[in-house]
Amino acid sequence: MKPLQIVFPSRVDPESPIIDLDLHLPLLCFSPETVLQVLTCMLTEQRMVFFSSDWALLTLVAECFLVYLHPLQWQHTFVPILSGQMLDFIMAPTSFLMGCHLDHFEEVSEEADGLILINIDNGSVTCSKPLEDSVDIPDVPLLAAQTFIQRVQSLQLHQELDLAHCSSSTDLNEGHGRRHAWQQKLNGQIQQVTLQLLVNIFREVKNHLNYEHRVFNSEEFLKTRVPEDQQFYKQVLDTYMFHSFLKARLSRRMDAFAQMELSTQSEEDRINGMLISPRRPTIEKMALRGSSPLHVAHRRIVVSMPNLQDIATPEVQPRNSSLRKVDAVSCKGCSKAQNVAPKSSYTFKIPEIHFPLVTQCVDAYYTDFIELLSKAMSFLGPDSSALLARYFYLRGLIQLVQGRLLNALLDFQNLYKTDIRIFPADLVKRTVALMSAPERAKIEQTPELKRLINQVVDKPGEVAKVDDHVKNFELPKKHLQLDDFVKRVQESGIVKDTDIIHRLFDALAVGHQKQIDPETFRDFYNCWKEAEAEAQDVSLPSSVMERLDKNECVYKLSSSVKTTHGVGKIAMTQKRLFLLTEGRPGYVEISTFRNIEEVRNTTAVFLLLRIPTLKIKMVSKKEVFEANLKSECDLWHLMVKEMWAGKKLADDHKDPQYIQQALTTVLLMDAVVGTLQSSNAIYAASKLSYFDKMKNEMSVPKTTSETLKHKINPSAGETFPQAIDVLLYTPGHLDPAEKITDAHPKLWCALSEGKVVVFDASSWTIHQHCFKVGTAKLNCMVMAEQNQVWIGSEDSVIYIINVHSMSCHKQLTDHRASVVDLIVQGGEKAPSEVYSCSRDGMVLAWNVSTLRVTSRFQLPGCTLMSARLHQGCLWCCTGNSIVVVTTNGCLRQELKIEESFCEMSTSFLGFQLIPEQEQLWAACAAYSKVYFWSLQDLAQAPQRIPLQDCTEVSCMIRVKRQIWVGGRGLSQGQPKGKVYVIDTETKTVDKELVAHADAVTTLCSAEDRYVLSGSGREEGKVAIWKVE
């Protein structure tokens, strides 16, 4: 017997299928162009039949194509081999993938309409008897197709050529080993090629998703596709496969597609992932943008409408991959298979009843009934959720009658995803009451049912629908109050920040009641989208692009106006204003926003007219720039002042997102003025101004500005800021099995409700967008191994994160209360043991390799808050005391708070140990002081260091010979998040840093070079501070 071989899934993509196929077989049977045809038919969910004279090839080739689609999945019928007696299956009206012997080719071709016939033996793809109103199978987008063909052609598909340099061997096992190794390597390469194809096709889908409301704006996505690709996307967007793909994207699933997309995105796209301003083409993209005749003509059509009749749109050459070009059977009328369209009424034929009605016959009847329902459900498309809900309801009833209570509850639970209106809450409640103890125990082991029972039985009046469906954005048809307006704007993808949307509502509602009518919303939406389209078609001369940074974007162009530098159009980027001169196009810089000293709105006299004029005074120039902007003057005055204030605050606060927020405000001002077109339009647009009004209230003290290095926003793209609960810095390392990007240091940010965002700490850009571990608050994080991060949660679970796949692949559930701290031995790069502490006083020691508990002990009668490992002992903060115990739980020392603070009632918030000075530092609740004791005599009264203007201490860490204390305090009479830096030798406060707009909630150190502070939910940002 041969030895058993066990193959584990990829650690980068744990859900990847285990491949035991020769994935290059289709590439030997078909040309790369034909392979693309087959994949297109699968992506558009056609009715497909494979043919071959070799029965084995039918299954092998079909299975290979299914693997090519991973992580997308074929959702319809798959029968790789049909016998002659089963040929009537191909008459099914829905999508399918089947296989037949080549002998049946002519019969199938003549009898069935609109089938895609794939001949494996001669490598052809044809269409069966065409229908009159059929359409052609579309082509794969050109760039993705070209990349795929080039990469396939570069593959070495023949083992003999690939191993020609190896010495010959007479050992049969060695030959088999070489063959196996070669096949595994080739399989991996092919999977990467096909995955890259899918990423190239669907990469930009994410730009049109709204995660909070689970909306996909298909209309806007199609508008961004080039005309010759739109037919492909129109068909793909209607498929069940794409619908499932969207659900995975909206759930932020970190599958193979997401991993590939992340690893192949450009640095610009990585940075754009952090931006909240509308996207515009950068100067670099303008320079690289193709200058094809079609593109030039399209741009002229947008920019120069009066010359429309002079433009002849060039003919686009047809591609060779189209089914139209196959000569074997004419495909000119080839029919596209459609999903069964929903109708006003449906009929389901129940199985016939067989007599006698004995128990065996009745059970068989119920079984047949359930099978028929299941089969009917499998044919439903993505838009048939209402019908699917009825099937779930019927199947649940039958399983209830049959006594399959758990299966029935699972069917009823599925109604939350399909149609909550028919959820039988009373029936579920009575069913649960009838269940036996073992059945109730099984429910407790099934999270979905456990939540269902808690909602229905414990809170029967609060049953809510859990909607995981994908919605398409639609313009409103009735008046919108504030809450509805916020939701609609977020769904549209224009802006997500709720505060900005509130200001937009006030702007659009000027002169009306506090509501927005559907016509106003439609006009605003159209103005915004028209501005986006115009920005995509802006083209600058190369001499102008050379004067701009490659990452700059043109956000606004004025009309042609007279200025002190000549006649031209004023252009605004995120960095500067410049004049695009007329005649021979040229570049004249007006000013960077950083260099502006004053902006005024005035008038210039010309003959008897007073022309509205914008004046801009620069710091480095004596001359004042003037532009006769006429009717645009008031709007440009508002926009330039907002950008100027945003840039100043972005520099002062080291927060680049301020300039992005200012850009969003400026473009919203422009859209509001274009929407209202009335005398009060400028007044309405001024309602959006924020930084210009707040610039005097957001000043930064000198010490803070000198110490602050940068700010990042883990909540970017969310509707509200979210509190930073925990921060963890993990150093970079390079494992030969990893990608280079995995070697970079990372910053892990735990937000509310189990959300985690990961930054690349070498560039402070997003490495991994938000993923979730549970739904409860996260309390602590630690790096246990180079590929593992452990996260302790309020729900008593320790989640173990695979740093390669960014997924939770293991959970430790031995605690029975909130996990409050995780401890590893300091200085160990790969610790062998991790200690976990829970609020009920339980301490567990874990073997990192086996994930087994090696020891445990309980601290009696206390509420554990945090712990530290020092000289082989655990120092545990319990609020009322700091307890020193051995790793086996034996008490060594105890510092009781009432012994040190007899005159006041308080509790310990946290502590730090300084071994070099043999000192214990601690902070106490409701007191603005830091206390320290000598480790030689904890019974001695502590010394104290007052923190000026501090109202609350929340966290503290040790960095080199400093203690950094985070909390809340007063600055210029306003409550702010503050960080105090204390020198442990001089026992004085070296720095008082005004860190955040909200309280500092957490601190962490980055290799003792930087300290990172996280703030509360009012701001939700992370500040990076230099350590001196």
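Residues numbered from 1 in each chain as written. Predicted model: local features only at pLDDT ≥ 70, side-chain atom pairs only at ≥ 80, totals over all residues. Heavy atoms only, no water.

> Describe the overall build of the protein, naming the residues involved and giving the relevant values.
Scanning the protein from N- to C-terminus turns up 31 helices and 43 strands. Out of the 1028 residues in the protein, the part that is buried amounts to 50%. Across the protein, every contact between residues at least 6 apart in sequence was considered, and the portion connecting residues at least 24 apart equals 55%. (Helix = DSSP H or I, 4+ residues; strand = E, 2+ residues; numbered from the N terminus. Buried < 20%, exposed > 50% of the residue type's maximum accessible area, 1.4 Å probe, protein only. Contact = heavy atoms within 4.5 Å.)

> With reference to specific residues and values, describe the packing of helix 5 (residues 142-153) against helix 7 (residues 172-202).
Interhelical geometry of helix 5 versus helix 7 gives an angle of 170° and a closest axis separation of 9 Å. With respect to each other, helix 5 and helix 7 are oriented roughly antiparallel. On the side of helix 5, the interface is formed by Ala144, Thr147, Phe148, Arg151 and Val152, while helix 7 contributes Gln192, Val193, Thr194, Gln196, Leu197, Asn200 and Ile201. Looking at the contact of helix 5 with helix 7 residue by residue, the classes come out as six nonpolar, five polar and one charged. (Axes fitted to C-alpha atoms, helices over the stretch in contact; angles between N-to-C directions. Parallel < 35°, antiparallel > 145°, perpendicular 65-115°, else oblique. Nonpolar A, V, L, I, M, F, W, Y, C, P; charged D, E, K, R; others polar.)

> Could you give an account of the packing of aromatic side chains, naming the residues involved and the relevant values?
This structure, assessed with the given rule, holds 24 aromatic pairs. For the pair Phe485 and Phe521, a centre-to-centre distance of 5.9 Å together with 85° between the ring planes defines the contact as edge-to-face. Of this pair, Phe485 sits in helix 22 (residues 482-492) while Phe521 sits in helix 24 (residues 518-536); the two residues are 36 residues apart in sequence, bridging distant segments of the chain. Overall, the relative accessible area of 0% leaves Phe485 in the buried class. Given the relative accessible area of 1%, Phe521 is considered buried. Connected via pairs of aromatic rings, a cluster forms that spans Phe202, Phe216, Phe221, Phe232, Tyr233, Phe242, Phe245 and Phe257. Seen from the ring of Tyr233, Arg225 lies directly overhead, with NZ or CZ sitting 5.6 Å from the centre. Over the ring of Trp644 we find Lys695; its NZ or CZ atom is 4.9 Å from the centre of that ring. (Phe/Tyr/Trp six-rings, centres within 6.5 Å; stacked < 30°, edge-to-face > 60°. Lys NZ or Arg CZ within 6 Å of the ring centre and 35° of its normal.)

> Any details on the nonpolar core? Residues and values, ideally.
By size, the foremost hydrophobic cluster in this structure holds 67 residues, and its most contacted members are Leu43, Phe50, Phe65 and Phe202. No other element matches helix 7, which puts 10 residues into this core. With sequence-adjacent residues up to four places away left out, Leu43 is seen in contact with Leu69, Leu72, Leu198, Ile201, Phe202, Phe232, Val236, Thr239 and Met241. Among the nonpolar cores identified, the runner-up in size contains 66 residues, and Val486, Ile516, Phe521 and Ala645 belong to it. (Core = buried A, V, L, I, M, F, W, Y, C linked by side-chain atoms within 4.5 Å.)

> Lay out the sheet that holds strand 8 (residues 471-472) with the relevant residues and their values.
Two strands in a sheet stick together by hydrogen bonds in their backbones, pointing the same way (parallel) or opposite ways (antiparallel). Pairing within the open sheet is mixed, and its three strands lie in the order 6-7-8. For this open sheet the edge positions go to strand 6 (209-210) and strand 8, each flanked by a neighbour on one side alone. Taken together, the two bridges between strand 6 and strand 7 (residues 215-216) define a ladder with antiparallel strand orientation. Bridge pairing in strand 7 links Asn210 to Val215. (Pairing = 2+ DSSP bridges.)

> Tell me about helix 3 (residues 55-68), and name the residues and values.
The first and last C-alpha atoms of helix 3 sit 21 Å apart over 14 residues, in line with the 20 Å expected at 1.5 Å per residue. Listed as buried for helix 3 are Leu57, Leu58, Val61, Ala62, Cys64, Phe65, Val67 and Tyr68. Next to the buried residues of helix 3 lie helix 1 (25-29), helix 2 (32-43), strand 1 (47-52), strand 2 (77-79), strand 3 (96-101) and helix 7. Where helix 3 begins, the capping side chain belongs to Asp54, and its oxygen is found 3.0 Å from the backbone nitrogen of Ala56. (Expected span 1.5 Å × (residues − 1). Polar contact = N/O pair within 3.5 Å; in protein donor to acceptor, adjacent residues only side chain to side chain.)

> An account of the environment of Leu87 is requested, with residue identities and associated values reported.
With respect to the helices and strands, Leu87 occurs in the loop between strand 2 and strand 3. Assessed through its relative accessible area of 10%, Leu87 is described here as buried. Non-local contacts of Leu87, meaning those with residues more than four positions away in its chain, are made with Cys100, His104, Glu107 and Val108.

> How would you explain the pattern of salt bridges if you had to name every residue and give the values?
According to the stated counting rule, one finds 34 salt bridges in the structure shown. With a shortest N-O distance of 3.4 Å, Lys529 and Glu532 are connected by a salt bridge. Here the residue Lys529 and the residue Glu532 both occupy positions in helix 24, the gap between them amounting to three residues, near one helical turn. Exposure remark for Lys529: the relative accessible area of 14% places this residue in the buried category. We note a salt bridge from Asp549 to Arg576, for which the minimum N-O separation is 3.8 Å. Placement of the pair is Asp549 in the loop between helix 25 (542-545) and strand 9 (556-563) and Arg576 in strand 11 (residues 576-581), with a sequence separation of 27 residues. Residues joined in a network through salt bridges with shared partners are Asp549, Glu552, Lys575, Arg576 and Glu589. (Salt bridge = Lys/Arg side-chain N within 4 Å of Asp/Glu carboxyl O.)

> Outline a negative patch on the surface, listing residues and values.
On the surface, Glu106, Glu107, Glu110 and Glu111 cluster together into a negatively charged patch. Along the chain, the position of Glu107 falls in helix 4 (residues 105-111). For Glu107, a relative accessible area of 45% translates into the label partly exposed. (Patch = residues over 30% accessible without salt bridge, like charges linked within 9 Å, V, L, I, M, F, W, Y side chains within 5 Å. Areas by Shrake-Rupley, 256 points an atom, 1.4 Å probe, with all protein chains shown as cover. Lys, Arg positive; Asp, Glu negative; His and termini not counted. Charge placed at Lys NZ, Arg CZ, Asp CG, Glu CD.)

> I'd like to hear about the side chain of Ser492, residue by residue, with values.
Checked against the element boundaries, Ser492 lands in helix 22. Separated by 3.3 Å, the side chain of Ser492 and the backbone nitrogen of Ile494 make a polar contact. Excluding residues within four positions of it along the chain, Ser492 makes contact with Asn217, Phe473, Tyr525 and Lys529.

> Please give an account of unusual backbone geometry that cites residues and values.
Following His70, the chain continues to Pro71 via a peptide bond in cis, the omega torsion being 10°. Note that Pro71 resides in the loop between helix 3 and strand 2. Residues other than glycine seldom take positive phi values, yet Gln677 does so here, at roughly 45°. Residue position: Gln677 is located in the loop between helix 27 (657-676) and helix 28 (681-686). Positive phi, close to 60°, is recorded for Asp949, a residue that is not glycine. With respect to the element layout, Asp949 can be found in the loop between strand 36 (943-946) and strand 37 (950-959).

> Break down the sheet that holds strand 3 for me, with residues and values.
On the basis of which strands lie adjacent, the open sheet formed by five strands has the order 2-3-1-4-5 and mixed pairing. Either end of the sheet is taken by a strand with one partner, and the two such strands are strand 2 and strand 5 (124-127). Within this sheet the neighbouring strands show an average axis-to-axis angle of 20°, counted without direction. One ladder, built from three bridges, connects strand 2 with strand 3; its direction is parallel. Paired with Thr77 across the two strands is Phe96, which belongs to strand 3. Each of strand 1, strand 3, strand 4 (116-119) and strand 5 touches helix 2; the most contacted strand, strand 1, lies at about 140° to it.

> Any details on the confidence of the model for the protein? Residues and values, ideally.
In the predicted model, the protein carries a mean pLDDT of 82, and 85% of its residues have values of at least 70. Per-residue pLDDT stays below 50 along residues 290-344; that stretch engages in 81 contacts with residues further than four places along the chain or on separate chains. Every residue in residues 459-466 scores below 50 in pLDDT, and together they form 15 contacts with partners more than four places removed in sequence or on other chains. (pLDDT = per-residue confidence, 0-100.)

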